[in-house]
Amino acid sequence: MAGSATVSVEANLLGIDSISVDLSPFCGLMGRVKTFALDLDFKTLQSITKDPKELLEKLKKEKVPDYFINNKEDKKRSYYETVLLAFLDSMGFASRSSSSIDKLFPRVLERYISTIKYFQEARQKLNLKIGKSKILQGSVLNLPIEDDSIDAIITSPPYSFAIDYLKNDQPQLEYLGYNLESLREEMIGLQGRGVENKLEIYFDKMNIALKEMQRVSKKNAPIIIIIGTNDIQTNGVILETKVIELAEKQGLKFELDLIKPIRGLQNTMKNESILFFTNLK
Ligand SMILES: C[S@@+](CC[C@H](N)C(=O)[O-])C[C@H]1O[C@@H](n2cnc3c(N)ncnc32)[C@H](O)[C@@H]1O
């Protein structure tokens, strides 16, 4: 439930190897680009992005040009994915503003390139050793990871049904050619009718997710779960209380609940809980 793989980026900056898993293919793309950007050849990026107009014309065709998404073997694929993400990012900005993709794309791409350039300069100055990352598109209900292989887990699952992640990214996912309905079935927090039924399915899925976290992590591994208190939407049900109860049944020892106020969202969600567990095995 890695979202855009912010945790992987932070781990890699500390020299720690990481694996990110998210069901959304758009999150997969964001994660691949963000972690790739930590360790790329800047000259190749510059040469691929020298003509933003031509890139935009290719991307605006009805179907994603094969080059932007396939060619798994091609060394330049990740550079093209960086361009593709700038395009999808502009698509998102355009839907929330009065500006067009044509105007936004060159600006967004330029921002990506300058951010990468500044980062590379900082990286050299600080002599950073970047950890390796694997970005997997998969389900937390059936993790594509071996038993007892992970040193620590940090995750932020959906806060029950607070956000429809697929609807939020619908234009981008449709552009990439994905079927939203088949993803919806597997996605945590998006099934059911009425609060009670939605919560029941949510906790059933969270229980499977916790079991998977218990399976893949090593004995005594810390498992950290960040979860928002959206008790206004859940008719008073406190998500973190139930998550602690389910986790303990799966053999995870509850250690600590660090409460962090969410500024700016106080009407719908007051706090986030950072729950710390240890895997007893
Ligand atoms: C709270 S968001 C994570 C946000 C993240 N902390 C970030 O900084 O971007 C929850 C994520 O869970 C993912 N998700 C929901 N159901 C999933 C499942 N069954 N397997 C894997 N990921 C899932 C969603 O796609 C979404 O990106």
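Just so it is clear, the model here is predicted, and its values are computed rather than measured.

(A) The arrangement of the overall build of the protein chain in detail. A count of helices and strands for the protein chain gives twelve helices and six strands. A compact globule built from 281 residues would reach a C-alpha radius of gyration of about 19 Å, and the protein chain, at 20 Å, matches this within 12%. Along the first, second and third principal axes, the C-alpha set of the protein chain runs to 55 × 45 × 35 Å. Among the 281 residues that make up the protein chain, the fraction classed as buried is 29%.

(B) How the structure looks around the site of the ligand. In the vicinity of the ligand there are 19 residues, among which Met 1, Gly 3, Leu 23, Ser 156 and Ile 188 approach most closely. Looking at side-chain class alone, the shell around the ligand contains eleven nonpolar, six polar and two charged residues. Residue assignment places the shell around the ligand across two domains, with domain 1 (6-134) and domain 2 (140-279) each supplying three or more.

(C) Looking closely at the sheet that holds strand 4 (residues 222-228). Ordered by their spatial adjacency, four strands build an open sheet running 3-4-6-5, and the pairing between neighbours is mixed. The sheet is open, and its two edges are formed by strand 3 (153-155) and strand 5 (252-261), each paired on a single side. Each strand axis lies, on average, 15° off the axis of its neighbour in the sheet, ignoring direction. Strand direction decides the pairing type here: strand 5 and strand 6 (residues 271-279), joined by nine bridges, are antiparallel. In the sheet register, Lys 253 faces strand 6, and the bridge partner there is Thr 278. The strands that helix 12 (residues 239-249) touches are strand 4, strand 5 and strand 6; relative to strand 5, the one it contacts most, it runs at about 165°.

(D) Structural detail: the environment of Tyr 165. As for its position among the elements, Tyr 165 is in helix 8 (residues 165-168). Counting along the chain gives 79 residues from Tyr 165 to Ile 244, while the straight-line C-alpha distance between them is 24 Å. Every residue in contact with Tyr 165, bar those within four places of it in the chain, is listed here: Ser 24, Pro 158 and Met 187.

(E) Main features of the packing of helix 6 (residues 77-96) against helix 7 (residues 101-126). Relative to each other, helix 6 and helix 7 sit at 130°, their axes nearing to 8 Å. The angle between helix 6 and helix 7 places the two elements in the oblique class. For the pair helix 6 and helix 7, the sense of crossing is right-handed. Every residue of helix 7 that contacts helix 6 at Thr 82, Val 83, Ala 86, Phe 87, Asp 89, Ser 90, Met 91, Phe 93 and Ala 94 is listed here: Ile 101, Leu 104, Phe 105, Val 108, Leu 109 and Tyr 112. Looking at side-chain class alone, the contact of helix 6 with helix 7 contains twelve nonpolar, two polar and one charged residues.

(F) View of helix 6. Under the 1.5 Å per step criterion, the end-to-end length of helix 6 is 29 Å for 20 residues, consistent within 8% with the ideal 28 Å. All of the buried residues in helix 6 are Tyr 79, Tyr 80, Thr 82, Val 83, Leu 84, Leu 85, Ala 86, Phe 87, Leu 88, Asp 89 and Ser 90.

(G) Fine view of the domain arrangement of the protein chain. What the domain assignment reports for the protein chain is domain 1 (6-134) and domain 2 (140-279). For domain 1 and domain 2, the distance between their C-alpha centroids amounts to 27 Å. Each side of the interface is counted separately: domain 1 has twelve residues, and domain 2 has 16 residues. Going through the elements one at a time, strand 1 (18-22), helix 2 (25-36) and helix 6 are the ones with two or more residues in the side of domain 1 that touches domain 2. At four residues, the largest contribution of residues to the side of domain 1 that touches domain 2 is made by helix 6.

(H) Examining the pairing of strand 4 more closely. As judged from the three bridges shared by strand 3 and strand 4, these two strands associate in the parallel manner. Directly across from Ile 153, in strand 4, lies its bridge partner Ile 223. In this sheet, strand 6 lies alongside strand 4 in antiparallel orientation, the contact comprising seven bridges. Bridge pairing in strand 6 links Ile 226 to Ile 274.

Calculation notes
- Residues numbered from 1 in each chain as written.
- Predicted model: local features only at pLDDT ≥ 70, side-chain atom pairs only at ≥ 80, totals over all residues.
- Helix = DSSP H or I, 4+ residues; strand = E, 2+ residues; numbered from the N terminus.
- Rg over C-alpha atoms; globule rule 2.2 N^0.38 Å.
- Buried ≥ 20, exposed ≤ 12 C-beta atoms within 10 Å, placed from the backbone.
- Near = placed C-beta within 6 Å.
- Nonpolar A, V, L, I, M, F, W, Y, C, P; charged D, E, K, R; others polar.
- Domains from an automatic or database assignment.
- Pairing = 2+ DSSP bridges.
- Axes fitted to C-alpha atoms, helices over the stretch in contact; angles between N-to-C directions.
- Contact = placed C-beta atoms within 7 Å.
- Parallel < 35°, antiparallel > 145°, perpendicular 65-115°, else oblique.
- Left-handed = near helix turned anticlockwise from the far one by under 90°.
- Expected span 1.5 Å × (residues − 1).

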